[in-house]
Amino acid sequence: MRLAIFADIHANRQAFEACLEFARERGAQRIILLGDYVGYGADPEWTVEVVMGIVDGGAAAVLGNHDQAVGGSSAGFNAEAQAAIEWTRGRLGVESRRFLADLPLAVQEDDRLYVHSEASSPARWRYVQDSSEAARSITAASSHLTLCGHIHRPALYSMSIVGKMTSFVPTSGVAVNLLPGRRWLLVLGSVGQPRDGNPAASFAMLDTERCEITYCRVPYDVETAARRIRENGLPLWLADRLLVGR
């Protein structure tokens, strides 16, 4: 099965639409959603409604920290993120808020674990930014593959049978064979707010039969997404950073 995997959409309608179209054109048979559907962007209700429809159609979805903050506390967020969460709370309907509140922290499916942040303690929202943090997540999971988002930058980590770690940044459009003799942590980039210096939306396609993953970059109408943020009175930095992928 060909899975399209999306993380950190962040209410960016233009980016999400472009990624969905790209994935379907390339034969995606099922969608996996790794959290943070809201926050930062200007179209939270539209985004959650689309996600709800996709889940009704058989997609798997997990909770992100921004999704959780809508119904709870945004303590620990920076000022711009807090402002966006407060604004988002006033834009989401009852059904959308209930949907976010009911999402699980993790989903196990065959030899894959889906989580937003990392597997050892999903509710702590810890970032995986180096091999030691990746090893903690891989060790905590019992699966061959763990898939996460949260850091907004694509990365791949693997652990050998003796615990040796390797890591690299995947090249867009190049399939990576996920060798069965190793355990893998697949860190997705962000659909709606990339932070690796490339403003193009990021997601991945996983071929479960071939056991290989291909990271994808999709140009989209960044100017419109940024303008929507400004028009809605959200912090200007949230619009400006889209243009530079930071």
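Residues numbered from 1 in each chain as written. Predicted model: local features only at pLDDT ≥ 70, side-chain atom pairs only at ≥ 80, totals over all residues. Heavy atoms only, no water.

**A word on the packing of aromatic side chains**
Spelled out, the test is: Two aromatic rings from Phe, Tyr or Trp, using only the six-membered ring of Trp, form a pair when their centres are within 6.5 Å; if the ring planes differ by under 30 degrees the pair is stacked, by over 60 it is edge-to-face, and anything between is tilted. Strands here are runs of E lasting at least two residues and helices are runs of H or I lasting at least four, both read from the DSSP assignment and numbered beginning at the N terminus. Only protein chains enter the calculation, and the probe is 1.4 Å; a residue is then buried if its accessible area is under 20% of its type maximum, exposed if over 50%, and partly exposed in between.
Overall, the coordinates contain 4 aromatic pairs when judged by the stated rule. On the basis of an interplanar angle of 80° and a centroid distance of 5.7 Å, the ring pair of F6 and F16 is categorised as edge-to-face. Of this pair, F6 sits in strand β1 (residues 2-6) while F16 sits in helix α1 (residues 13-25), and the two are 10 residues apart along the sequence. With a relative accessible area of 0%, F6 lands in the buried category. When its relative accessible area of 0% is taken as the criterion, F16 is described as buried. Judged by centre distance (6.3 Å) and plane angle (85°), the rings of F16 and W46 are edge-to-face. Residue F16 is located in helix α1, and its partner W46 is located in helix α2 (residues 44-56); the two are separated by 30 residues in the primary sequence. Exposure remark for W46: the relative accessible area of 19% places this residue in the buried category.

**So, the environment of A141**
How we decide: When checking whether two residues touch, look at their non-hydrogen atoms; a contact exists if any pair is within 4.5 Å.
As for its placement among the helices and strands, A141 is situated in the loop between α6 (131-140) and β6 (145-148). A141 gets classed as buried once you look at its relative accessible area, which sits at 7%. Taking C-alpha positions, A141 is 9.2 Å from R112, a pair spaced 29 residues apart along the chain. Apart from the residues within four sequence positions on either side, A141 is in contact with L113, A119, T146 and R183.

**Notes on the pairing of strand β8 (residues 165-168)**
Let me state the cut-off plainly: Strand pairing is assigned whenever DSSP detects at least two bridges linking the two strands.
Of the strand pairs in this sheet, strand β7 (residues 155-159) and β8 are connected by 4 bridges, and their pairing is antiparallel. Bridge pairing in β8 places Y157 opposite S167. Linking β7 to β8, which pair antiparallel, is a turn of 5 residues; within it G163 sits at a positive phi near 90°.

**Topic: the sheet that holds strand β2 (residues 30-33)**
Put simply, the rule reads: Whenever a helix is involved, its axis is fitted only over the stretch in contact; in every case the axis is a line through C-alpha atoms, and angles between N-to-C directions fall within 0 to 180 degrees.
Taken in spatial order, the 6 strands line up as β3-β2-β1-β11-β12-β9 in an open sheet, and their pairing is mixed. The strands lining the two open edges of the sheet, one partner per strand, are β3 (60-61) and β9 (176-177). Bridge analysis of β2 against β3 gives 2 bridges, and the strand direction is parallel. Its bridge partner being in β3, L33 is matched across the sheet by A61. Against the sheet, α1 engages β1, β2, β11 (201-207) and β12 (212-218), with an angle of about 30° to β11.

**Notes on the side chain of D207**
Heads up, the rule is: Definition of a polar contact: a pair of N or O atoms within 3.5 Å, with one able to donate and the other able to accept a hydrogen when the atoms are protein atoms, and with sequence-neighbouring residues admitted only if both atoms are side-chain atoms.
One can find D207 in strand β11. Only 3.1 Å separates the side chain of D207 from the backbone nitrogen of E209, close enough to count as a polar contact. In this structure D207 touches M1, R2 and E212, once residues within four positions along its chain are discounted.

**Points about the packing of α2 against helix α5 (residues 94-101)**
Note the following rule: Angle categories are assigned with fixed cut-offs, so that under 35 degrees is roughly parallel, over 145 is roughly antiparallel, 65 to 115 is roughly perpendicular, and the rest are oblique. The crossing is said to be left-handed when, going from far helix to near helix, the turn is anticlockwise and less than a right angle, and right-handed when the turn is clockwise. Gly counts as polar in this scheme, as do all residues outside two lists: the nonpolar Ala, Val, Leu, Ile, Met, Phe, Trp, Tyr, Cys and Pro, and the charged Asp, Glu, Lys and Arg.
Across the interface, α2 lies against α5 with an axial gap of 10 Å and an inter-helix angle of 60°. In terms of axis orientation, α2 runs oblique to α5. The handedness of the crossing between α2 and α5 is left-handed. For the pair formed by α2 and α5, the contact residues are E45, V48, E49, V51, M52 and V55 on the first element and E95, S96, F99 and L100 on the second. For the contact of α2 with α5, the per-class residue count stands at 6 nonpolar, 1 polar and 3 charged.

**What to know about α6**
Which entries qualify depends on this criterion: Our arc is simply the arc of the directions from the helix axis toward the C-beta atoms.
Regarding α6, the residues found buried are A134, A135, S137 and I138. Down the axis of α6, the buried set is contained in an arc of 165°. They therefore lie on one face. Counted as exposed and oriented over 90 degrees from the buried face of α6: S132 and T139. Looking at the buried side of α6, the elements it contacts are β6, β7, β8 and β10 (183-187).

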